[in-house]
Amino acid sequence: MAHSPALPLSLPPGVWHGRAWAAAQQRVQPTGHAALDAELPGGGWPCGALSELLLPPHAACEWTLLLPALACALQGGTGRAVLVAPPQEPFAAALHDAGVAVQRLCRIQPPAHDSADSAAVWACEQALRCRDVCAVLAWLPQARAAGLRRLQLAAAQRQALLWVCRPAAQAAQASPAPLRLALRHQGEQLQVQVLKRRGPPLAAPLLLPARSPALAAALQAQARRRGRMQAEARATEDVRHVLARLAPAP
Amino acid sequence: MYWHAWRLPPEPPPPGVPAAAQGWWALRFTPRVALLDEALLLEVQGTERLWGGRAALRALLRAQAPGSGPEAAQDWAEGPTALQALALLRLARLGGPPPRRLPHDLPLSTLTALRPHALALQHLGCRTWGALRALPRAGVARRFGAACLAALDQAWGDALEAAAWIELPAQFALEVELPALAESSTALLHTAERLLLALQGWLRARRQGVLALELAWRHDLRRHDGVELPPWQALALRTAAPQQDMAHLRRLLAERLGRQRLAAPASRLALRSLQTAPMPEASHGLLPADPHEAPGVPWQELVEHLSARLGPQAVQLPRLHADHRPECMQRWHPAVQPPPGAAPEPPGPYGGLLPPWLVRPPRPLALRGSRPCLHGQPLRLLAGPQRVEAGWWEAAPEAAQDASGGSAAPGLVRRDYFVAHSAAAGWVWVFRDRGTGGWFLHGVYG
């Protein structure tokens, strides 16, 4: 060939250069975190694709990441969101305070002995087929890759939001999800590592605030109050020392 | 008079189903429906204006007839009299060419009354209706019987026809014999589906949708493993919206039957409609349907399907209540049986530092010295206390009882809430019960 082996300029849909972003072909839902939006293809959670969140044990930090997007997805319209197999009881009052339209949430609790989460995966699939469901949030710690692939296909057909929370130990396994995020607590912040996305690999993990603004403000106020009280206590201690020195020796 | 003849499905209805049930679907289009030999006859002249003309009614019938497949062209025929329509249908089934003159050129064997004599007439050189009609009537009546001539006159439209019109029963209740003894509940499903099809025809003719129906099966044995058995066992299905489309009911029935265990082999199956409601007539839009409209099942069908498979308690909707006690702020109700009364307006923001996960019931925490511990590590109290003192008015015990220890007012809650942290447990929401002094975990921030 006389020409340099340059790639053709117009690539078929679904193919993109390794260093560039995939052309945004689907709707996205902004995450509510500007730093995270900047690192996701299209600038938000993909509608019609499986987004996988990998959580360390006992972390339960998915709400911090998802609440803004969930509140936004349920705003207006008549769409509903389905929570499949949450590990504990979601506190609807707290979600209400975060702006989520709680009356349009639905909790599905499959039976306790659910081998490979098959009942939960089935429930997700059914929910994704429903025309009124706009978001599905599922906790599937034991689901197999075949089940996840079915979910990915179902989500792609209905253009709904689908988040699946899985344990961090599954990070090494292959997954059909086009977007995989690993979450970790790092001190006061939430560290988000993008394991897989339709775009260039992420150099450094993202840091997001781990706590809701209200809680962070309350903690800060309490810390300030405590610091002031300690300073006051130290001051009174000093004054007492000075007074003791001033006192005439008996 | 103008008649349609529709071929009935080749397999006979299961024993117990009246033969008329095969014609219920057509009662929607005309009240004059009759069964004759192997065909269903519809008199459509009286109603074709209502349906927008003969061609429109023909298209509707072809779309709605059960079991109309690719060979549907051979499944129906139409003619000015019932017997002509039937004869044309038989001719189409045989694959013969359409007659040049109607009804003169119809073969003799297409008229039921002439079939026994077709061979003898053929020897006379008489092959068509017209040829037979040209013969002297007195001789024909003497040799072949007056019934032949009467049938021919009816077919020609010269004599009146008396048809046994199908009437729709006021209540839908069918009981059928199973083709074989059903050992498992899934074996009932095939017959149940045929009953559902009959129900669909009945509903369409009545322009109703079913809200509740009951499927019952008869036990073959009086006693099984020494246990007296009731003669019938039943299963009730309910839907929130009136249903005429059987796909959803079939799914629900399959789920319910899959979970059902038969106490003994069953020999008979019965389907009854318990409650029906008029079907709301959907009006069609002027513009063609939006191609971007989301396909998929409606929400209520999803909820019913999930509840049928997983149990009604597994699919829940939250309701918020204005209360200060966290465990009373929300209640989860089964989505298929919402509590009576309209959903209350969501209360204003609760404020406070509510965690997104609630631990129910509150988990008692171990103490190390005076500090509560979780996962073996002492917790640092970082925000609080937030005092909650409520529920003294409540006489009935609530979930709070285990925390407050059954004092005079069981619903009484006197607590100080703190946001606590430890490296192992993360950020949690704990409270100290002011009555007993015990510490409890009540929420997780993550």
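Refer to the structure above for everything that follows.
Figured I'd write up the structure that's included with this text. (Residues numbered from 1 in each chain as written. Chains lettered and ligands numbered in written order. Predicted model: local features only at pLDDT ≥ 70, side-chain atom pairs only at ≥ 80, totals over all residues. Heavy atoms only, no water.)

Considering a positive patch on the surface
A cluster of basic residues, Arg224, Arg225, Arg226 and Arg228 of chain A together with Arg371 and Arg380 of chain B, forms a positive patch at the surface. The element that contributes the greatest number of residues to the positive patch is helix α6 (residues 213-246) of chain A, accounting for four residues. Overall, Arg380 of chain B belongs to the partly exposed group, its relative accessible area being 46%. (Patch = residues over 30% accessible without salt bridge, like charges linked within 9 Å, V, L, I, M, F, W, Y side chains within 5 Å. Areas by Shrake-Rupley, 256 points an atom, 1.4 Å probe, with all protein chains shown as cover. Salt bridge = Lys/Arg side-chain N within 4 Å of Asp/Glu carboxyl O. Lys, Arg positive; Asp, Glu negative; His and termini not counted. Charge placed at Lys NZ, Arg CZ, Asp CG, Glu CD. Helix = DSSP H or I, 4+ residues; strand = E, 2+ residues; numbered from the N terminus. Buried < 20%, exposed > 50% of the residue type's maximum accessible area, 1.4 Å probe, protein only.)

Brief notes about the packing of aromatic side chains
Enumeration over the complete set of coordinates arrives at 15 aromatic pairs over all chains. Considering the side-chain rings of Phe91 of chain A and Trp429 of chain B, the 6.4 Å spacing of their centres and the 45 degrees angle between planes classify their relative orientation as tilted. Pair noted here: Phe91 of chain A is in the loop between β5 (89-90) and α3 (92-97) and Trp429 of chain B is in strand β19 (residues 426-433), and the two residues belong to different chains. The burial state of Phe91 of chain A is the same as that of Trp429 of chain B; both residues are buried. Here the aromatic rings of Tyr417 of chain B and Phe431 of chain B are separated by 5.1 Å at their centres, their planes lie at 50 degrees, and the arrangement is tilted. Residue Tyr417 of chain B is found in strand β18 (residues 413-422), and its partner Phe431 of chain B is found in strand β19; the two are separated by 14 residues along the sequence. Note on accessibility: Tyr417 of chain B and Phe431 of chain B belong to one class, buried. The ring of Trp332 of chain B is capped by Arg107 of chain A, whose NZ or CZ atom sits 4.5 Å from the centre of that ring. Here the guanidinium or amino end of Arg54 of chain B rests over the ring plane of Tyr2 of chain B, the centre of that ring lying 3.6 Å away. (Phe/Tyr/Trp six-rings, centres within 6.5 Å; stacked < 30°, edge-to-face > 60°. Lys NZ or Arg CZ within 6 Å of the ring centre and 35° of its normal.)

Side note on the sheet that holds strand β6 (residues 208-219) of chain B
All names here are of chain B. Spatial strand order, β5-β10-β6-β9: four strands in an open sheet with antiparallel pairing. Two strands close off the open sheet at either side, each with one partner strand: β5 (173-182) and β9 (232-243). Adjacent strand axes in the sheet meet at a mean angle of 20 degrees when their direction is disregarded. Pairing analysis gives six bridges linking β5 to strand β10 (residues 266-278), with the strands arranged antiparallel. (Pairing = 2+ DSSP bridges. Axes fitted to C-alpha atoms, helices over the stretch in contact; angles between N-to-C directions.)

Side note on the sheet that holds strand β4 (residues 76-79) of chain B
Residues and elements named next belong to chain B. Pairing within the open sheet is antiparallel, and its four strands lie in the order β2-β3-β1-β4. Each edge of the open sheet is held by one strand with a lone partner, namely β2 (33-36) and β4. In this sheet, adjacent strand axes meet at a mean angle of 25 degrees when their direction is disregarded. Sheet contacts for helix α1 (residues 54-64): β1 (3-7), β3 (39-43) and β4; angle to β1, the most-contacted strand, approximately 15 degrees. Packing against the sheet, helix α2 (residues 82-94) makes contact with β1, β2, β3 and β4, and its axis sits at approximately 40 degrees to β1. (Contact = heavy atoms within 4.5 Å.)

Notes on the nonpolar core
In terms of nonpolar packing, the biggest core is built from 77 residues, with Trp45, Leu65 and Leu181 of chain A touching the most fellow members. No other element matches helix α2 (residues 62-74) of chain A, which puts nine residues into this core. (Core = buried A, V, L, I, M, F, W, Y, C linked by side-chain atoms within 4.5 Å.)

Here's the deal with the packing of helix α4 (residues 118-129) of chain A against helix α5 (residues 145-158) of chain A
All names here are of chain A. It is the contact of α4 with α5, at a shortest axis distance of 9 Å, that shows an interaxial angle of 10 degrees. Our classification of the angle between α4 and α5 gives roughly parallel. Residues Val121, Cys124, Glu125, Leu128 and Arg129 of α4 lie in contact with α5, whose contacting residues are Gly147, Arg150, Leu151, Ala154, Ala155 and Arg158. When its residues are assigned to classes, the contact of α4 with α5 shows six nonpolar, one polar and four charged. (Parallel < 35°, antiparallel > 145°, perpendicular 65-115°, else oblique. Nonpolar A, V, L, I, M, F, W, Y, C, P; charged D, E, K, R; others polar.)

Re the layout of surface pockets
Gaps left between atoms are located by rolling a probe of water-molecule size over the structure's atoms. Its boundaries defined by the atoms lining it, the second largest pocket holds a volume of some 660 Å³. Breaking the lining of the second largest pocket down by element, the ones donating at least two residues are β8 (161-167) of chain A together with β13 (357-364) and β20 (439-444) of chain B. When grouped by side-chain class, the residues that make up the lining of the second largest pocket number 23 nonpolar, five polar and five charged. (1 Å grid on protein atoms, 1.4 Å probe; cavity = no way out; pocket = protein on both sides within 12 Å on 5 of 7 lines; lining within 4 Å. Points joined across faces, edges and corners; volume = space filled by probe spheres on them.)

Some points on the interface of chain A and chain B
If you look at the interface, chain A gives 49 residues, while chain B gives 48 residues. Across the chain A/chain B interface, buried area totals approximately 4,200 Å², and carbon plus sulfur atoms make up 65% of it. The largest per-residue losses of area from chain A upon contact with chain B belong to Glu89, Phe91 and Trp122 of chain A, which jointly make up 18% of the total buried on that side. The interface formed by chain A and chain B contains one salt bridge. Across the chain A-chain B interface, the total number found is 13 residue pairs in polar contact (both at pLDDT 80 or more). (Buried area = accessible area lost by both parts, 1.4 Å probe. Polar contact = N/O pair within 3.5 Å; in protein donor to acceptor, adjacent residues only side chain to side chain.)

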